[in-house]
Amino acid sequence: MTVLVVGGGIGGLAAAVGLARAGQHVTVLESAVAFEEIGAGIQVGPNGFRMLDALGVGAAVRARAVHVDEGRLRCGVSGRLIAALPFDEGFQRRFGTYAVVHRNDVLAPLLDACRGEERVDLRVDSGVESYAQDADGVTAVLRSGDLVRGTALVGADGLRSVVRRQLVGDGEPPVSGHTTFRAVIPAHTVPRSLKDNVVTLWAGPRYHVVWYVIAGGRFVNLVATTDNGATEPMTGKPVETAEVLRHFTPLCEDAARIMSLAREWRAWVLCDRPPITTWQDSRVVLLGDAAHPVLQYAAQGACQALEDAVCLSSVFDPQDVGGSFARYVALRSERTARVHHVSRLMGREVYHPAGEAAAARDAMFASWTAADLHERLEWLYG
């Protein structure tokens with residue numbers, strides 16, 4: 001029998017690769033007319049690269065990635081350096097690779113791996129409307145009315161998951177009140193003085209700006225987020241530069257200079273969901289953002305989906321679908337809940353504090369050595 005995977009993003013294709021490598025036949029049901037990722041750059045930490053290695057695509061992603069020298073936290077108002085985390089030999093020896101990539105530079109190797117697996121059937125324009133199951137299997141009901149039968153179903157269909165809607169029934173994801181503006185800038189337009197091979201984050205009162213080079217050095221990925229109390233969902237809405245800039249003041253010269261180079265901005269209102277352990281309905285289970293969407297502040301959305309995929313693939317048993325799905329949920333729910341908590345905490349206490357809270361953050365980082373930072377990252381990257 002076949003495992004049905006709903007959703008052809010990073011998490012869904014990773015699950016398909018992992019399950020196929022474990023000997024399962026997989027059908028991926030993607031609602032779009034092509035397999036492609038929405039968005040631009042992402043940071044992939046060592047835990048994410050270990051999962052890519054386990055799936056056999058780590059080398060391909062590393063070849064496409066930009067291997068940055070360090071991460072820097074700067075004051076968004078003055079520009080001064082607050083803290084730095086070098087991704088040097090010591091970091092790599094302890095944890096592994098940290099790099100930045102375009103989302104499609106992760107998706108494409110996974111897609112190539114799926115196409116190279118005779119056990120994987122990839123279907124586009126196959127949006128799922130609902131599912132039904134019985135003692136022998138599960139049926140995906142497509143929007144077209146077609147039925148696709150399998151022995152199990154994995155809902156990897158993202159933040160607004162159709163599978164989760166039926167399995168959990170908890171409605172639309174609540175908005176966080178934070179709006180993110182994203183732009184991609186041709187690297188040749190960036191002044192040489194701002195082209196250090198680093199991830200730079202300028203943290204200001206109720207806002208932050210982060211940038212890094214992607215696509216082999218051809219583009220700069222720029223993400224600017226404000227805690228502006230947004231109450232309505234927004235996904236990729238085009239926004240004028242003047243509308244973006246009004247949220248980021250006062251802003252230091254370097255950050256303002258980078259932001260002024262962007263010509264096309266799009267806006268998203270960030271959403272997550274409170275952690276739950278109800279990821280499973282007998283032969284149906286959730287994965288990635290469908291199970292545990294997080295805010296962006298720990299840069300772990302894609303990494304946690306990859307961890308899910310490898311874990312699920314390692315425990316899946318077609319003779320005991322329900323039992324193996326329950327083991328997967330038990331193995332993953334506590335860790336993803338911790339990532340959720342830390343992501344919110346970082347947004348509040350590291351990225352967006354003001355006044356005395358910002359001073360306390362600065363003093364905390366000033367008191368830590370590189371070894372202290374490594375110890376605090378051990379649970380996530382180790």
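Looking at an unreviewed UniProt entry, one finds the protein chain named Monooxygenase (salicylate/ hydroxybenzoate hydroxylase), with Lentzea pudingi as its source organism. Per UniProt, the protein chain carries the Cofactor (unreviewed entry) text "FAD".

(A) Fine view of helix 1 (residues 10-21). Between the first and last C-alpha of helix 1 there are 16 Å, a value that for 12 residues agrees with the 16 Å anticipated at 1.5 Å per step. Counting buried positions over the 12 residues of helix 1 gives 11, a clear majority of the element. Each element contacted by the buried residues of helix 1 is listed here: strand 1 (2-6), strand 2 (25-29), strand 3 (41-44), helix 5 (103-115), strand 7 (120-123) and helix 9 (301-315).

(B) Structural view of the packing of helix 2 (residues 46-54) against helix 9. Between helix 2 and helix 9, whose axes approach to 9 Å, the crossing angle comes to 35 degrees. Here the hand of the crossing between helix 2 and helix 9 comes out left-handed. From helix 2, Asn47, Gly48, Met51, Leu52 and Ala54 reach across to helix 9, where they touch Cys303, Gln304, Leu306, Glu307 and Val310. In terms of residue class, the contact of helix 2 with helix 9 is made up of 6 nonpolar, 3 polar and 1 charged.

(C) Spotlight on the pattern of salt bridges. Inspection of every chain in the model, using the stated rule, returns 23 salt bridges. Arg246 serves as the salt-bridge partner of Glu243, at 2.8 Å between the closest nitrogen and oxygen. In this structure Glu243 comes out as partly exposed when scored by relative accessible area, which is 31%. Look at Arg246 and you get exposed, because its relative accessible area is 54%. Put simply, Glu307, Asp308, Arg332 and Arg335 are held in one network by salt bridges that share partners.

Basis of the calculations
- Residues numbered from 1 in each chain as written.
- Predicted model: local features only at pLDDT ≥ 70, side-chain atom pairs only at ≥ 80, totals over all residues.
- Heavy atoms only, no water.
- UniProt positions renumbered as here; feature names shortened; annotations may be inferred.
- Helix = DSSP H or I, 4+ residues; strand = E, 2+ residues; numbered from the N terminus.
- Expected span 1.5 Å × (residues − 1).
- Buried < 20%, exposed > 50% of the residue type's maximum accessible area, 1.4 Å probe, protein only.
- Contact = heavy atoms within 4.5 Å.
- Axes fitted to C-alpha atoms, helices over the stretch in contact; angles between N-to-C directions.
- Left-handed = near helix turned anticlockwise from the far one by under 90°.
- Nonpolar A, V, L, I, M, F, W, Y, C, P; charged D, E, K, R; others polar.
- Salt bridge = Lys/Arg side-chain N within 4 Å of Asp/Glu carboxyl O.

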